[in-house]
Protein chains: 4
Amino acid sequence: MPKEDLHFSIRTDLAIETREMVTKEQDVEVPGVKVTVEEQKDKQITVTWVEIMNEEGAKQMGKPIGNYVTVESPLMKENDIEAHEEIIRVLAKQLVKIKELKEDAVILVVGLGNWNVTPDALGPKVVSKVIVTRHLLEHIPEQIDESVRPVSAIAPGVMGLTGIETSEIIEGIVEKIKPDLIIAIDALASRKTSRVNATIQIADTGVHPGSGVGNRRKGLTEETLGVPVIAIGVPTVVDAATLVNDTMDHLIDAMIKESNKESELYKMLQRLDEQEKYQLIREILNPYVGDLFVTPKEIDAVIDRLAYIISNAINIAFHPGIDLKDINRYK
Amino acid sequence: MPKEDLHFSIRTDLAIETREMVTKEQDVEVPGVKVTVEEQKDKQITVTWVEIMNEEGAKQMGKPIGNYVTVESPLMKENDIEAHEEIIRVLAKQLVKIKELKEDAVILVVGLGNWNVTPDALGPKVVSKVIVTRHLLEHIPEQIDESVRPVSAIAPGVMGLTGIETSEIIEGIVEKIKPDLIIAIDALASRKTSRVNATIQIADTGVHPGSGVGNRRKGLTEETLGVPVIAIGVPTVVDAATLVNDTMDHLIDAMIKESNKESELYKMLQRLDEQEKYQLIREILNPYVGDLFVTPKEIDAVIDRLAYIISNAINIAFHPGIDLKDINRYK
Amino acid sequence: MPKEDLHFSIRTDLAIETREMVTKEQDVEVPGVKVTVEEQKDKQITVTWVEIMNEEGAKQMGKPIGNYVTVESPLMKENDIEAHEEIIRVLAKQLVKIKELKEDAVILVVGLGNWNVTPDALGPKVVSKVIVTRHLLEHIPEQIDESVRPVSAIAPGVMGLTGIETSEIIEGIVEKIKPDLIIAIDALASRKTSRVNATIQIADTGVHPGSGVGNRRKGLTEETLGVPVIAIGVPTVVDAATLVNDTMDHLIDAMIKESNKESELYKMLQRLDEQEKYQLIREILNPYVGDLFVTPKEIDAVIDRLAYIISNAINIAFHPGIDLKDINRYK
Amino acid sequence: MPKEDLHFSIRTDLAIETREMVTKEQDVEVPGVKVTVEEQKDKQITVTWVEIMNEEGAKQMGKPIGNYVTVESPLMKENDIEAHEEIIRVLAKQLVKIKELKEDAVILVVGLGNWNVTPDALGPKVVSKVIVTRHLLEHIPEQIDESVRPVSAIAPGVMGLTGIETSEIIEGIVEKIKPDLIIAIDALASRKTSRVNATIQIADTGVHPGSGVGNRRKGLTEETLGVPVIAIGVPTVVDAATLVNDTMDHLIDAMIKESNKESELYKMLQRLDEQEKYQLIREILNPYVGDLFVTPKEIDAVIDRLAYIISNAINIAFHPGIDLKDINRYK
């Protein structure tokens, strides 16, 4: 594997993290990639819009051409209803912006992941809170008094529970109900402990194989499904190796500051390649800890908060007749 | 509506109940219908095999030509592990008998109903306990050391939660994974309070519209799906009208016994037509009680027991390498 | 049993129902009982304040001297947030009125009932939504920036799960933390199907033995605990006999209207004593249906709504610094 | 803090870990401590009996005089029913051995922890699976046909939910029901990632403050309650610092092996004090990761397995009439 591709093997689903790794290594802006950052300092919300504009950018980033919007706030995991409402508003705005939709577009929300595993249950929980209207518009349109789009929603379960690839289930349903847009919600992997449960990424390039907590095997993309797919993802855990790695980075920084620059240790630490270090840690960890993940203790409550935020951003973004003051009426 | 069709409007999904109603009214065996009863008195298990043999039988019974096997035991709702094991054995035997299967037949188990409504959660609960193997046989066949068939399982949710007809979801999945047989589990309606949670019906004619707790709109049958469908159903509730009706029947019996046969009351009670009485009760109840159901207080535990029985009967019946002593290892 | 005591054996925990039965039989106002009714027709809320003023009233009603306030609304079981907020406001007002409290009164909320049985889970669910502050006021009073009273809350479980009488557990805790007031939440029995999940009763006489879904054996009262006890109860189910009885009443009314007044039937129906009829129905039902209860199908959601209403009425009534607009922040 | 006390500040509730730390540092057997190890190699079960015999041992170990029995097996967290049955048998044997009981001893099982936080829910889950008999022996002794002791069980909840110290609740109940023995189940903290969910410790010295996932403030001991307390605990998580520390130990071992013994690095690594290293890691981690815990992804299933094992060991150990073949009948 040539050196410049090494960073792709580091497990992250966040475009902002890939970009950090690419630019860190090459110390220049990534060609073919446009980045815009908007900060609401008082609200502690940062929106980063990463556009991969061409093949060059895609090659550098190891991700398909398209838009990757990240909404970050440390408050989304806290019990702070007012902050959540502001994050819902910001997130809904990005959803409207990332994909223009005709007024009667049919939408299918897909909640990936496993109900029975808390940090992987984000997708199914969002699905359970989305306002579903397709059947009402079909069967009793006269009773729908607000301006709503036909939304349907499904949480297909994971392959270990169904024996069926998630993509096969979704392909089958898509062929039947022919939606104009798919919104797929998933738990992601992150490479920074600080981003866990504090970051929501929206991507118009769909869900790609091999990412996330549950290791789906096939993607959900416009190529495979014939319908545009917006992926909404949150890193809900980091793996143990990432945590150790983060800690060692901080440790090494501290040691380098204090080291004699002529010392053997300083040289060794300086020589450590990011990717080699991560691989080393994984190898060391593996026989001892197996498949451990790092989560906050109150993960159940955190996942509920994230599901509340994402489902309501979807409800507001796709039903023009519904706004923030309505959301507590439907649950 | 001609008199002889009246009984079809009485809400029951159980062939044994239709037969009871038909024969009661006409006082002869139903033409075109063959009935075999097997009783294990010591185990308190009764198996009734109702075969609707031809069009005449189908017309009389208001149900399609096919086999309807009922396993009845008052112990299935009790906390009695030994009785449950015997019922699993008996149920598995009927499943093997009702449908011959080639050795490598691909099976899709469909759990109808709604996770969030206890008496309607039987289907999803069975799905969560079925041993799923299709993905293992596809991806790591060398690690499967027992003789198992490729089984997959899905609980698609109800239309109120997904916005999609259950039949559309299943049709889509069936077209993708092309099973040889579908097993559909559903909560049913009964017309006898005593049968609630004490009766399992297996039918090789599939699931028909309008039945059950959740009022599905379309059926799941070989005609609609192109694949044979075995329906496994349990009446998990009775509606309030049925309960009142049952009580009044007993009350009237008691009154008739004590009445002067010349009395006005006796004559009136005698004149009461079964169907008219039920309709009368429904009309009276409706404005006052709305959509009430009758359940045992410990319904959560009862549904768990039924799901345990049905899922393990499926596990034993369709995986030749798995028998009763193995079932507690997989859960 | 003398005639005038018969109505006490009819199972109801609601003072308004006892009163209906007493007055129906005697056709006069109940001596020693004062009743005030306030209706908000536009909001569909009725508040009935039944005060049993003296021994005469207590004897007539079969209930201790004290206040019994009923808040009734068919909307409390529906998915209607605005109606719920109004009901919370009305309920909180009654709680403030029924018991004057000094500013720093220590309150213990006790959620009776069983988490695992949905219609009996009201008490534990309320406890899980009450804002608990006692430990904060004790350990970090400087961080409490709103005017709150020290509230603690416990759901002790039922005797079948703990092996201990609920009253023993509460007595033990009361001796340790010495509260000034106990609020006990319980599921009740009703004698009218239409009141199920549409009625909240507040009584300043505590919880009395033998009532409710779970048949507690001992009461929780000021006599037994040495602390005033406010009971908040909702009839969450009716037993099957009540349902049949209600239906037969309507049926008999219909028959009487159409009967020849000279007929034997008319005379028989007229002769039916309320209590005898109910007993007759119970006897008939018993061997056939056992311990069945009647519930709405969506009982899980209904109990959640009632718990939301009651817990927030408690939060507003007892924490002067918290009002309706705050309630969604604490959950 | 003198050097020899340093190890007490390292967070572990397991006596075998304290001993490992003490002996590692001092390279001799701990005076006043007797250790017996029994291994069933074929079953992958190790039982270690640590007896702190006198004040000297207590001082060295930082734990009270008493017995600390550890049952370790990597299989307790796996889906392996046969291994679980063997572990139940071994664990029950230790419970019988650690505390002699008269035939009619009254037992109170206390499940510490929080139902809503998966890794802290072990105690409440065990309580829900313990066979409770006290109320039956009191009210219907003639119906109890097996030799059972009067067992009661309670999960009092955590202070954040109740506003009451757990110890106050238990003291109150103990004064009422006067048990002869308390069994307290708790989630513990461990200092070795490999011990998480693979170790059960039984101690006859009760539960001590400050330990465990939930940081109880007061202990449950014979001194505070007046009744002997057996604590059963499982380390269900490790904190993030422990994981990093474990990894770095392995990393340092690897580096030491490859290092030139004259090198600066080797000397530095050799010099690292166990306690200093852990503190350093905690300091580094703190601002970045906050209160993170490390768990296996399938923690929900693992906690269920541990609760199954512990509850059934209790059932067998304390009810002479119940043995392993009965346990699946009661659930």
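Residues numbered from 1 in each chain as written. Chains lettered and ligands numbered in written order. Predicted model: local features only at pLDDT ≥ 70, side-chain atom pairs only at ≥ 80, totals over all residues. Heavy atoms only, no water.

A. Fine view of unusual backbone geometry. Residue and element names in this part refer to chain C. Backbone geometry places Gln 44, a non-glycine residue, at a positive phi of 60°. One can find Gln 44 in the loop between strand E1 (33-40) and strand E2 (45-52). Judged by relative accessible area, Gln 44 falls into the partly exposed class, the value being 40%. (Helix = DSSP H or I, 4+ residues; strand = E, 2+ residues; numbered from the N terminus. Buried < 20%, exposed > 50% of the residue type's maximum accessible area, 1.4 Å probe, protein only.)

B. Summary view of helix H12 (residues 299-318) of chain A. Between its terminal C-alpha atoms H12(A) stretches 28 Å, which fits the 28 Å expected from 20 residues at 1.5 Å a residue. Of all 20 residues making up H12(A), 18 are buried, and the element is well covered by its neighbours. (Expected span 1.5 Å × (residues − 1).)

C. Spatial organisation of the environment of Arg305(B). All names here are of chain B. By secondary structure assignment, the location of Arg 305 is in helix H12 (residues 299-318). In this structure Arg 305 comes out as buried when scored by relative accessible area, which is 17%. Apart from the residues within four sequence positions on either side, Arg 305 is in contact with Met 76, Lys 77, Glu 78, Asn 79 and His 84. (Contact = heavy atoms within 4.5 Å.)

D. The packing of helix H7 (residues 166-177) of chain C against helix H7 (residues 166-177) of chain D, seen in detail. Running from N to C, H7(C) and H7(D) point in directions that differ by 125°, and their axes come no closer than 7 Å. By the angle between their directions, the pair H7(C) and H7(D) is classed as oblique. By crossing handedness, the relation of H7(C) to H7(D) is classed as right-handed. Every residue of H7(D) that contacts H7(C) at Glu168(C), Ile169(C), Glu171(C), Gly172(C), Ile173(C), Glu175(C), Lys176(C) and Ile177(C) is listed here: Glu168(D), Ile169(D), Glu171(D), Gly172(D), Ile173(D), Glu175(D), Lys176(D) and Ile177(D). A breakdown of the residues in the contact of H7(C) with H7(D) according to their chemical character gives six nonpolar, two polar and eight charged. (Axes fitted to C-alpha atoms, helices over the stretch in contact; angles between N-to-C directions. Parallel < 35°, antiparallel > 145°, perpendicular 65-115°, else oblique. Left-handed = near helix turned anticlockwise from the far one by under 90°. Nonpolar A, V, L, I, M, F, W, Y, C, P; charged D, E, K, R; others polar.)

E. Fine view of the pattern of salt bridges. What the rule picks out here adds up to 46 salt bridges over all chains. One salt bridge in this structure joins Glu175(A) and Lys176(B), with 3.1 Å as the shortest N-O distance. Of this pair, Glu175(A) sits in helix H7 (residues 166-177) while Lys176(B) is found in helix H7 (residues 166-177), placing the two residues in two different chains. Judged by relative accessible area, Lys176(B) falls into the partly exposed class, the value being 27%. Of the charged contacts in the structure, one is a salt bridge between Asp180(B) and Lys102(B), with a shortest N-O distance of 3.3 Å. Here the residue Asp180(B) occupies a position in the loop between H7 and strand E6 (181-189), and Lys102(B) occupies one in the loop between helix H3 (81-98) and strand E4 (107-111), the gap between them amounting to 78 residues. For Asp180(B), a relative accessible area of 28% corresponds to the partly exposed category. Salt bridges sharing common partners tie together Glu17(A), Glu20(A), Glu72(A) and Arg195(A). (Salt bridge = Lys/Arg side-chain N within 4 Å of Asp/Glu carboxyl O.)

F. Structural context of the packing of aromatic side chains. Counting across every chain of the model gives zero aromatic pairs over all chains. A cation sits over an aromatic face here: Lys97(B) above Trp49(B), 4.5 Å from the ring centre. (Phe/Tyr/Trp six-rings, centres within 6.5 Å; stacked < 30°, edge-to-face > 60°. Lys NZ or Arg CZ within 6 Å of the ring centre and 35° of its normal.)

G. Layout of the side chain of Thr205(C). Residue and element names in this part refer to chain C. Structurally, Thr 205 is set in the loop between strand E7 (199-203) and helix H8 (222-225). Given the relative accessible area of 12%, Thr 205 is considered buried. If we ignore the near neighbours within four places in the chain, the residues touching Thr 205 are Pro 64, Ile 65, Gly 66, Tyr 68, Thr 221 and Val 229.

H. Representation of helix H4 (residues 122-129) of chain D in the model. All names here are of chain D. Of all eight residues in H4, six are buried; the element is thus mostly enclosed. Here H4 has its buried residues at Leu 122, Gly 123, Pro 124, Lys 125, Val 126 and Val 127. Turning to H4, the residues buried within the fold contact strand E4 (107-111), strand E5 (151-154), strand E6 (181-189), strand E8 (229-239) and helix H12 (299-318).

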